[in-house]
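Here are the chains, one letter per residue:
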Amino acid sequence: MTSEHDGGDGRATGRPAGTGRTDPATEAFVAHRNLLFTVAYEMLGSAADAEDVLQETWLRWAGVDLDDVRDHRAYLVRITTRQALTRLRTLGRRKESYVGSWLPEPLLTTPDVAEDVELADSVSMAMMLVMETLTPTERAVFVLREVFGIGYDEIAEAVGKSPSAVRQTAHRARAHVAARRPRGTVSPAETRDALAAFQRAVETGDLQGLLDVLAPDVVLLGDGGGIKQAVLRPVRGADKVARLMLGGLLKVPAEVSMDPVQVNGFPGLLVRLDGELDTVVAVRLDDGLITGLYAVRNPEKLTRMRRRTALHR
């Protein structure tokens, strides 16, 4: 079954194939689909896994007696959260055997995501990596409470904990994230300016120009997934990162082009080799300098960069 809301991949959205009408269960699911995808993606860091969670959510939702459901949105979020928690634990085992650094799957996002400052911050590559350091339950509670403003009682039902336990978990997760998140709110304009300077320096081979935009303690993470060549461990320090990037480009036997795009709500770069998408670069900014560079090369994680993804709270 498919619809205009399925993101173009033919995944289930609840519209029965071959019909022009939808039933109440389908209408409710389609109405909240972008919200449910956002919840699942923020919990998992993987669009492919988020889509699988939505498929599982639909299968369970389709069997629910709607006469017993007071709040469709809350019920759907509860199903999605439970499915995402199960998937998150499986994903954790998968990451243990992952080749090199694991980075979240980047999304080519719609302009409205950047306009919602809190949503953009929550799906930024930097914040998604911070959330990776939470336990599955902490991540679910943080996402539902801090990003979507869901009440403790509803979250308790979703994660199978008491409201008091959820409050404690929320407090712990909030403190954990606050200690690791970017030091100040960064505007898309600041990120765009820093990326433009970074792009100019890389394209012209300007080592000093690159050093000027990189923080002394900048960290470069690469994700090739064992499919494409990438740094297997974090590279730390402006000089090492700058020389690695400029030296690596000299060895590329192809025409390299960089195009600015919206990646997870913030400006990022698409790197193409001979016109073919090769790498997505996202950054973390602190005090006007790039402190984190995230280069995703794993082709299995680049499929969502060919079309925009709508995220909603």
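First, a word on scope: everything that follows refers to the structure included in this document.

Right, let's get into helix α1 (residues 24-31). One full turn of an α-helix is made of 3.6 residues, so residues set three or four places apart face in the same direction. For α1, every residue scored as buried is listed here: A25, T26, A28, F29 and V30. Looking at the buried positions of α1, the neighbouring elements they touch are α2 (33-44), α3 (47-61) and α4 (72-96). Capping of α1 at its N-terminal end is provided by D23; its side-chain oxygen lies 2.9 Å from the backbone amide nitrogen of A25.

On to the packing of helix α9 (residues 152-159) against helix α10 (residues 163-178). Look at α9 against α10: their axes get within 9 Å of each other, and the N-to-C directions meet at 95°. It follows from the interaxial angle that α9 and α10 lie roughly perpendicular. Of the residues in α10, those in contact with Y152, D153, I155, A156 and V159 of α9 are P163, V166, R167, A170 and R174. Tallied by class, residues from the contact of α9 with α10 come to seven nonpolar, no polar and three charged.

Okay, the sheet that holds strand β3 (residues 256-263) next. Backbone-to-backbone hydrogen bonds pair the strands of a sheet. The strands run either parallel or antiparallel. In spatial order, the strands read β2-β1-β6-β5-β4-β3; together these six strands make up an open sheet with mixed pairing. At either margin of the open sheet sits one strand with a lone partner, and together these are β2 (235-236) and β3. Where strand β4 (residues 266-273) and strand β5 (residues 276-286) come together, five bridges link them in antiparallel fashion. From the neighbouring strand, R272 faces β5, where its bridge partner is L277.

Rules used in this analysis
Residues numbered from 1 in each chain as written. Predicted model: local features only at pLDDT ≥ 70, side-chain atom pairs only at ≥ 80, totals over all residues. Heavy atoms only, no water. Buried < 20%, exposed > 50% of the residue type's maximum accessible area, 1.4 Å probe, protein only. Helix = DSSP H or I, 4+ residues; strand = E, 2+ residues; numbered from the N terminus. Contact = heavy atoms within 4.5 Å. Polar contact = N/O pair within 3.5 Å; in protein donor to acceptor, adjacent residues only side chain to side chain. Axes fitted to C-alpha atoms, helices over the stretch in contact; angles between N-to-C directions. Parallel < 35°, antiparallel > 145°, perpendicular 65-115°, else oblique. Nonpolar A, V, L, I, M, F, W, Y, C, P; charged D, E, K, R; others polar. Pairing = 2+ DSSP bridges.

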